[in-house]
Amino acid sequence: MSFSSLVQDLSLRDSNAPRRNRGDASNASTINDNASRISHLSRGMSYASTAATSVSISGDLSSQLHSGYSHPLARSWQAERQLTKSMLIYPLFISDQDDEEVLIPSLPNQYRRGINRLVPFLEPLVRKGLQSVILFGVPLAPGVKDALGTAADDPEGPVIKSIRLLRERFPQLYICADVCLCEYTSHGHCGILREDGTLNNHLSVDRISDVAMAYANAGAHCVAPSDMNDGRIRAIKLKLIEEGISHQVMLMSYAAKFSGCLYGPFRDAAGSQPSFGDRRCYQLPPGGRGLARRAIIRDINEGADVIMVKPAGQYLDIISDAKELGKDLPIAAYQVSGEFAMIHAGAKAGVFDLKAMAFESHEGILRAGATIVVSYFVPEFLDWLSV
Ligand SMILES: [Zn+2]
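Procedures and definitions
- Residues numbered from 1 in each chain as written.
- Predicted model: local features only at pLDDT ≥ 70, side-chain atom pairs only at ≥ 80, totals over all residues.
- UniProt positions renumbered as here; feature names shortened; annotations may be inferred.
- Helix = DSSP H or I, 4+ residues; strand = E, 2+ residues; numbered from the N terminus.
- Contact = placed C-beta atoms within 7 Å.
- Buried ≥ 20, exposed ≤ 12 C-beta atoms within 10 Å, placed from the backbone.
- Axes fitted to C-alpha atoms, helices over the stretch in contact; angles between N-to-C directions.
- Left-handed = near helix turned anticlockwise from the far one by under 90°.
- Nonpolar A, V, L, I, M, F, W, Y, C, P; charged D, E, K, R; others polar.
- Pairing = 2+ DSSP bridges.
- Bend = angle between axes of the 7 residues up to and from the residue.
- Core = buried A, V, L, I, M, F, W, Y, C linked by C-beta atoms within 7 Å.
- Arc of directions from axis to C-beta.
- pLDDT = per-residue confidence, 0-100.

Caption draft 1: Expanded view of the UniProt feature "binding site: Zn(2+)" (unreviewed entry) in the chain. Under the present numbering, the feature "binding site: Zn(2+)" (unreviewed entry) in UniProt falls on Cys180, Cys182 and Cys190. For Cys182, the location among the structural elements is in the loop between strand 5 (174-179) and helix 7 (201-218). Residues in contact with Cys182, not counting those within four places in the same chain, are Gly188, His189, Cys190 and Ser272. With respect to the helices and strands, Cys190 occurs in the loop between strand 5 and helix 7. Of the residues examined, Cys190 has 27 C-beta atoms within 10 Å and is grouped as buried. Those residues within four positions of Cys190 in sequence are excluded, and the remaining contacts are Cys180, Leu181, Cys182, Asp227, Met228, Arg279 and Tyr282.

Caption draft 2: Highlighting the environment of Val119. Here Val119 shows up in helix 5 (residues 115-128). Linking Val119 and Arg169, residues 50 residues apart in sequence, is a C-alpha distance of 7.6 Å.

Caption draft 3: Structural context of the packing of helix 10 (residues 289-301) against helix 11 (residues 316-325). At their nearest, the axes of helix 10 and helix 11 sit 10 Å apart, and the two run at 35° to each other. Seen along the crossing, helix 10 lies across helix 11 with a hand that is right-handed. Contacts between helix 10 and helix 11 involve Arg289, Ala292, Arg293, Ile296, Ile297 and Ile300 on the former and, on the latter, Asp317, Ile318, Asp321, Ala322 and Leu325. For the contact of helix 10 with helix 11, a count of residues per class yields seven nonpolar, no polar and four charged.

Caption draft 4: Examining the pairing of strand 4 (residues 132-138) more closely. Counting buried residues along strand 4, six of its seven residues qualify, which places the element largely inside the surrounding structure. Here strand 1 (residues 88-95) runs beside strand 4; their pairing, made up of six bridges, is parallel. Within strand 4, the residue paired with Phe93 across the bridge is Phe136. Across four bridges, strand 4 lies against strand 5 in parallel orientation.

Caption draft 5: Main features of the packing of helix 12 (residues 337-348) against helix 13 (residues 354-368). Where helix 12 meets helix 13, the closest approach of the two axes is 9 Å, and the angle between their N-to-C directions is 145°. Crossing hand, helix 12 versus helix 13: right-handed. Between helix 12 and helix 13, the contacting residues are Ile343, His344, Gly346 and Ala347 on the first element and Leu354, Met357, Ala358 and Ser361 on the second.

Caption draft 6: Representation of the UniProt feature "binding site: 5-aminolevulinate 1" (unreviewed entry) in the chain within the structure. When the UniProt feature table is mapped to this numbering, "binding site: 5-aminolevulinate 1" (unreviewed entry) covers Arg267 and Arg279. When you line up the elements, Arg267 lands in helix 9 (residues 264-270). Under the C-beta neighbour-count criterion, Arg267 is labelled partly exposed, with 16 such atoms within 10 Å. Beyond its immediate sequence surroundings of up to four residues, Arg267 is in contact with Ser272 and Gln273. Relative to the assigned elements, Arg279 resides in the loop between helix 9 and helix 10. In this structure Arg279 comes out as partly exposed when scored by C-beta crowding, with 18 C-beta atoms within 10 Å.

Caption draft 7: Focus on helix 5. Helix geometry: helix 5 is bent most strongly at Leu122, by close to 35°, with proline Pro124 lying one to four residues after it. Buried within helix 5 are the following residues: Ile115, Leu118 and Leu122. Considering only its buried residues, helix 5 is in contact with strand 1, strand 3 (111-113) and helix 6 (158-169). Looking at the residues trailing helix 5, positive phi occurs at Gly129, about 115°.

Caption draft 8: Structural detail: the nonpolar core. Within the largest apolar cluster, 96 residues are counted, with the highest numbers of intra-cluster contacts made by Ala177, Tyr215, Val223 and Ile319. The biggest single contributor to this core is helix 7, with eight residues. In this structure Ile319 touches Val309, Ala312, Ile331, Ala333, Ile365, Ala368, Gly369 and Ala370, once residues within four positions along its chain are discounted.

Caption draft 9: Quick look at helix 11. Within helix 11, burial applies to Ile318, Ile319, Asp321 and Ala322. Mapping the buried residues of helix 11 onto a view down its axis gives an arc of 160°, with all of them on the same face. Exposed side chains of helix 11 directed beyond 90 degrees from the buried face belong to Asp317 and Glu324. Contacts from the buried residues of helix 11 go to strand 7 (250-257), helix 10, strand 8 (306-310), strand 9 (331-334) and helix 13.

Caption draft 10: Just the confidence of the model for the chain, in detail. Averaged over all residues, the pLDDT of the chain is 87; the fraction at 70 or higher stands at 84%. Low pLDDT, under 50, characterises residues 1-7; the stretch is placed with four contacts to residues that sit more than four places away or in other chains. The low-confidence segment residues 9-47 (pLDDT under 50) makes 39 contacts with residues lying over four places distant or belonging to another chain.

Caption draft 11: Quick peek at the environment of Arg113. Positionally, Arg113 belongs in strand 3. The class for Arg113 is buried, based on 24 C-beta atoms found within 10 Å. As a C-alpha pair, Arg113 and Glu101 span 12 residues in sequence and 4.5 Å in three-dimensional space. With near-sequence residues (within four places) excluded, Arg113 lies in contact with Phe93, Ile94, Ser95, Glu100, Glu101, Leu118 and Phe121.

As structure tokens, then:
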């Protein structure tokens, strides 16, 4: 039926019905727009009803949804959870060049900083409500990398020194430490290798759990192994228990970390490009939903306090799976460097507004089931969520 014949039909039908028009034209919906056209066409009849009223009275009332989200506040109430500052963790790249502050070209507005630059940078953010950071060490000194990633738990290395400094200067700030070897190994892989270049899982887990302990003992509130070696959650949890600090150190597992092409800017920032091969043998294949579910279940059973999914936007189904499988755990998602850079590139090209897409992408992550988001947009959100 064409619109004009529908209008005629409704007008004729209405002409036989009692007048119900309340004269309320406050709703700016398409239906009312149509209704006013109908009223206009019905002029000359003895009375007129609106199409909307006819439908709502005689039709199925479950079709009437606009009332629930016509006001901006009511629109926000439609979300199961809303973005707050306390959900956000800001990634920091800390180099061993103490006075360095260098823009990372592929990661808009993000810098690699030495320890002497940290406090002045963080002070205004903490004042605006920054509550948590995650630290990534970036060793740049010549010869500092070796096959065992020895620099990862160097007491004079950038991560351990930064944990101590931030605990002292910002007592309220919640400090997470990423735990991996790839920034520190000469080969750029996330563990210790066998002669044939494959990961030696046993040695890697032992080494990675030692690094986690060093960060925890330095004062990290949370250690977050991102290496994806089998069994590292259990190993770290057992060492935390043995050390007598498991009650105060959260263990956040990158349980569902997918390989792919969204980490390029991060590797620029952290200098962690593998010198040969790639990380596909230990990071999950993009299509591996079942594998991710198994990894999530495994890490929950091994003692993870939080499950993280990474990247976020391309893996919303995995976030949703993590929420289903770990329904009593907080779920974190990492909007990775490539996602962040894409949003900036899209905004720069005029495809969308940066702020609108930043919110939309994070709302998608929350809708999928996450309640913690690791995001490079944190400084902007501290402003945007203040108004
Ligand atoms: Zn790694």
